[in-house]
Amino acid sequence: MPELPEVEVLARHLRPALRGRTVRGVRVNRAKILQPTSEREFKRALIGTKFKTLSRRGKYLLFDFQTAKKTVTVLGHLGMTGRMFIADKSEPLPKHAAVVLELDRGNFVFEDTRYFGRMTLDLAAVEKLGPEPWDEKFTAEIFRRELKRSRQPIKVKLLDQSLIAGVGNIYASEALFHARISPKLAANKLTLAQTEKLLRCVREVLAEAIDCGSTIPLNFSGGKKTDGLFYFGRAAGALDFYEERLLVYDRNGRPCVKCGTAVRRIVQAARSTFFCGRCQKV
DNA sequence: CACCATGTTCCTTG
DNA sequence: CCAAGGAACATGGT
């Protein structure tokens, strides 16, 4: 479930659920998820600590746990299929529960079928991130200056987390559609006006997704497939609510909502891109 | 069997 | 040194 909006919504749900909780024990079913932190190191650092705060940076979650002496920060990333939720201790763990924090009340479960996610004490990844989309210092001028250095298609650059943090494959296509810019346009060819518009659209698309997700009472504790997958309504077979919000993503061959032309799917940097060849000319 | 999937990192090539 | 492309990671859905 992982792009910036989903991670932000998850953080908002987890924060109150973790408030005041203490870590009594830690279970690791997939040590790979912790690397480069070792299982022993991870357990020793966390057992006995108390949850303090949770923040988001790009698609990463930063959990602060506290002992009398110091703060321990855990970096979480959902990869492609990761989910995090608080479950009653009586509930059976899902098949791919990678890490479980046994709390004084309930379990914090990190489940990830493909195990691409992370739960680690190594914070190096966040230091490589570019600015948050809403960072006021991240102006269109600065954005454009960075884009000038690359001839890669703009869609591919939007996925570069060191350029701007949090945009993923779905919202990259969506933002470009909103901005009426072709995903194939070379990054260094964007005009300042286009760059301004794109930055505005990235912000709008992400903000809208956060709003939308935040209004939904996610049930993270259940085993249902749809839990937490709020933007994947179609694949999860539910919520047409979402379907309407994604205007091009995963809509290959279906009519563009603005002009009726069939939405196209192309492959860029080994990832699907969806766009309208008529609305997104340049 | 084939192909697809919300992400990141590492390796190679130029 | 950098940019760019592709494979790898691991599992499941269609």
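Note that the coordinates shown come from a computational prediction; the quantities given were computed from them, not determined experimentally.

Peer 1: What's the story with the overall build of chain A in this structure? I'm lost.
Peer 2: Counting its regular elements, chain A contains nine helices and 10 strands. Relative to its 282 residues, chain A shows a buried fraction of 51%. Put simply, 66% of the contacts in chain A that link residues at least 6 apart link residues at least 24 apart. For chain A, the exposed area adds up to about 13,300 Å²; of that, 50% sits on carbon and sulfur atoms.

Peer 1: What is the right way to read the protein's contact with DNA strand C from this model?
Peer 2: Of all residues adjacent to DNA strand C, which total 13 residues, the nearest are Arg30, Lys95, His96, Thr113 and Arg114. What you see for DNA strand C is that sugar and phosphate hold 68% of its atoms within 4 Å of the protein. At 2.5 Å, a side-chain N or O of Arg114 approaches a base nitrogen of DNA strand C. The contact in question runs from a phosphate oxygen of DNA strand C to an N or O atom on the side chain of Ser150, over 3.0 Å. For the surface near DNA strand C, the class distribution of residues is two nonpolar, four polar and seven charged.

Peer 1: For this particular structure, what's the right way to read unusual backbone geometry?
Peer 2: Phi is mostly negative for residues that are not glycine, and the peptide bonds are mostly trans. Geometrically, the link from Gln35 to Pro36 is a cis peptide bond, its omega value of 10° lying close to zero. You can see Pro36 is positioned in the loop between strand S1 (23–28) and helix H2 (39–46). A positive phi angle, near 55°, is found at Tyr115, a position not held by glycine. Looking at the element boundaries, Tyr115 is found in the loop between strand S7 (107–112) and strand S8 (118–120). Phi at Asp250 takes a positive value of approximately 60°, unusual for a residue other than glycine. Positionally, Asp250 belongs in the loop between helix H9 (240–245) and strand S9 (264–268).

Peer 1: In this structure, what is going on with the packing of aromatic side chains? I would like to understand it.
Peer 2: Think of a pair of aromatic rings as described by two things: how far the centres are apart, and how the planes are tilted against each other in angle. Under the counting rule described, the total for this entry stands at five aromatic pairs. When the ring of Phe63 is compared with that of Phe108, the centres are 5.6 Å apart and the planes differ by 80°; the resulting orientation is edge-to-face. Taken as a pair, Phe63 in strand S3 (residues 60–66) and Phe108 in strand S7 lie far apart in primary sequence, 45 residues in all. Just as Phe63 is buried, Phe108 falls in that class too. An aromatic cluster is present here, built from Phe51, Phe63, Phe65 and Phe108 joined pairwise through their rings. Positioned above the aromatic ring of Phe177, the side-chain terminus of Lys258 is 4.3 Å from the ring centre.

Peer 1: I tried to follow the nonpolar core on my own but got confused; where do I start?
Peer 2: As a rule of thumb, nonpolar side chains are buried together in soluble globular proteins. Within the largest apolar cluster, 39 residues are counted, with the highest numbers of intra-cluster contacts made by Phe143, Ile154, Leu158, Ile181, Leu198 and Val202. Put simply, the parts of the chain that give this core at least two residues each are helix H1 (4–18), helix H4 (140–147), helix H5 (154–158), helix H6 (169–179) and helix H7 (192–214). Element by element, the count of residues in this core is highest for H7, at eight residues. When residues no more than four places from it in sequence are discounted, the contact partners of Val202 are Leu158, Ile164, Val167 and Ala175. Within the second largest apolar cluster, 30 residues are counted, among which are Leu10, Leu18, Leu78 and Tyr115.

Peer 1: Is there a simple way to think about the side chain of Lys157 in this case?
Peer 2: Tracing the chain through its elements places Lys157 in helix H5. By relative accessible area, which is 12% here, Lys157 ends up buried. With residues up to four places along the chain from it excluded, the contact list for Lys157 reads Leu147, Ser150, Gln152, Leu163 and Ala187.

What counts, and where the lines are drawn
Residues numbered from 1 in each chain as written. Chains lettered and ligands numbered in written order. Predicted model: local features only at pLDDT ≥ 70, side-chain atom pairs only at ≥ 80, totals over all residues. Heavy atoms only, no water. Helix = DSSP H or I, 4+ residues; strand = E, 2+ residues; numbered from the N terminus. Buried < 20%, exposed > 50% of the residue type's maximum accessible area, 1.4 Å probe, protein only. Contact = heavy atoms within 4.5 Å. Areas by Shrake-Rupley, 256 points an atom, 1.4 Å probe, with all protein chains shown as cover. Near = heavy atom within 4 Å. Polar contact = N/O pair within 3.5 Å; in protein donor to acceptor, adjacent residues only side chain to side chain. Nonpolar A, V, L, I, M, F, W, Y, C, P; charged D, E, K, R; others polar. Phe/Tyr/Trp six-rings, centres within 6.5 Å; stacked < 30°, edge-to-face > 60°. Lys NZ or Arg CZ within 6 Å of the ring centre and 35° of its normal. Core = buried A, V, L, I, M, F, W, Y, C linked by side-chain atoms within 4.5 Å.

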